[in-house]
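Okay, here's what each chain looks like letter by letter:
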Amino acid sequence: MSLDSLKVLDGILDHGIPFKSVPHQESQSPMGEKLQDPALEVRTIPKATITQQDVLMFLRTLPAESVDLIMTDPAYSGMNQHLLLGKGRIVGNYQEKEESRWFEEFHDTSENYGRFLSECKRVLKNDRHLFLMFDSFSMLSLGAMVRDFFNVKNIITWDKVNIGMGHYFRRQTEFILFASKGKRPVTRRDIPDIWKIKRLHRAAYPTQKPVELFEAMIASSKAKSDANFVVCDPFVGSGSAAIAALRQGSHFVGCDISEKAVALSRKRVKAFLKTGIDIEQEKPAFDEALQKKFW
Ligand SMILES: C[S@@+](CC[C@H](N)C(=O)[O-])C[C@H]1O[C@@H](n2cnc3c(N)ncnc32)[C@H](O)[C@@H]1O
């Protein structure tokens, strides 16, 4: 990455939520780690930036090869267009009128998805990972396209432990496609490809994912020696990925097209930085024994 690109990314990170506002007397990072050298504090404390923007516009603002990990959970439209429930009824938030929906869907035509993947490839550094979430429908329709851009390594099944909605077998799983740009090992060799992490009930944001799900992605990609690791989620929603990045001592850049999502995720991140408490997910979704397997 050129020096100019680095400056652009630094500028982006300095924008938005000012991490330097973490109280100075604090001797712990947001993850609870002791900061060893006060001179390193400013660089050690992660920064996060959340922008209100369309995914493609946002990714185009990032310099080439500027992020260390992309992990994201797009708002696919396919599921709602094609897997209508029962007599063509769509349930939950989709019952609401278009203008009162919480969020827009990303139009996952192959042209649009190709543009998205191509931008992801451009902004990701070489020898880095991508975690891309899919529901069962979009996995069938779009999953194979990822191979045109990345080296697909595995599909992780997220087992949500409790069943959810669904016609013809109620859904308990979602998929996370794991791929690399270039070569990069995962941090441990004993992590299985089924991740048992409880779904959230009554979350503030529809489709809000447990922070631990994203933490597991970072923990399996980020090596101990990686300094200034930058994580990107361009469909940020409630900001679970941002909280995960901070908990794992990483910088975060992300966006969402929805004003509500951006307001909620920024508020969540600010509160977390100030108090160390995640106001949108107070209870862990992972039991401690399982957590030890990951980090
Ligand atoms: C499935 S949700 C993400 C939920 C998130 N992972 C969480 O844990 O809260 C998808 C998000 O994509 C956003 N979105 C939809 N179309 C978008 C677009 N074109 N650009 C950026 N964000 C978009 C929606 O507003 C929504 O918040």
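A short tour of the structure in this document, coming up. Predicted model only: the values in this text are computed from it and were never measured.

### Here we look at the pairing of strand S5 (residues 173-181)
No. 1: Most of S5 is tucked away: seven of the nine residues are buried.
No. 2: Here seven bridges tie strand S3 (residues 124-134) to S5, and the two strands are oriented antiparallel to one another. Note on S5: the bridge partner recorded for Leu130 is Ala179.
No. 3: With eight bridges joining them, strand S4 (residues 151-159) and S5 adopt antiparallel strand pairing. The residue of S5 that forms the bridge with Asn151 is Ser180.

### Some details on the pairing of S4
No. 1: Across three bridges, the pairing between S4 and strand S6 (residues 194-196) is parallel. From the neighbouring strand, Thr157 faces S6, where its bridge partner is Ile194.

### Quick notes on the environment of Phe137
No. 1: Within the secondary structure, Phe137 sits in helix H6 (residues 136-142).
No. 2: For Phe137, a relative accessible area of 21% corresponds to the partly exposed category.
No. 3: Counting along the chain gives 61 residues from Phe137 to Tyr76, while the straight-line C-alpha distance between them is 9.2 Å.

### Considering the nonpolar core
No. 1: Judged by nonpolar contacts, the single largest core of 35 residues is most densely connected at Met71, Phe131, Ile176, Trp195, Met217 and Phe252.
No. 2: Put simply, the parts of the chain that give this core at least two residues each are strand S1 (48-52), strand S2 (67-72), S3, S4, S5, helix H7 (211-221), helix H8 (240-247) and helix H9 (259-275).
No. 3: Those residues in contact with Phe131 that sit more than four places away from it in its chain are Leu69, Ile70, Met71, Thr72, Ile156, Ile176, Leu177, Phe178, Trp195, Met217, Ser220 and Ser221.
No. 4: Leu56, Phe116, Leu130 and Met139 belong to the second-largest nonpolar core, a separate cluster that totals 31 residues.

### Observations regarding the pattern of salt bridges
No. 1: Considering all chains together, one arrives at nine salt bridges under this definition.
No. 2: Lys209 serves as the salt-bridge partner of Asp73, at 2.9 Å between the closest nitrogen and oxygen. With Asp73 in the loop between S2 and helix H4 (78-82) and Lys209 in the loop between S6 and H7, the pair connects residues that are 136 residues apart, well separated along the chain.
No. 3: Measuring nitrogen to oxygen at the nearest pair gives 2.8 Å for the salt bridge that ties Asp278 to Arg268. In this pair, Asp278 sits in the loop between H9 and helix H10 (288-294) while Arg268 sits in helix H9, placing the two residues ten residues apart along the sequence. Here Asp278 and Arg268 have matching classes, each one buried.
No. 4: Through salt bridges with shared partners, a single network forms among Asp68, Lys125 and Arg128.

Conventions we followed
- Residues numbered from 1 in each chain as written.
- Predicted model: local features only at pLDDT ≥ 70, side-chain atom pairs only at ≥ 80, totals over all residues.
- Heavy atoms only, no water.
- Buried < 20%, exposed > 50% of the residue type's maximum accessible area, 1.4 Å probe, protein only.
- Helix = DSSP H or I, 4+ residues; strand = E, 2+ residues; numbered from the N terminus.
- Pairing = 2+ DSSP bridges.
- Core = buried A, V, L, I, M, F, W, Y, C linked by side-chain atoms within 4.5 Å.
- Contact = heavy atoms within 4.5 Å.
- Salt bridge = Lys/Arg side-chain N within 4 Å of Asp/Glu carboxyl O.

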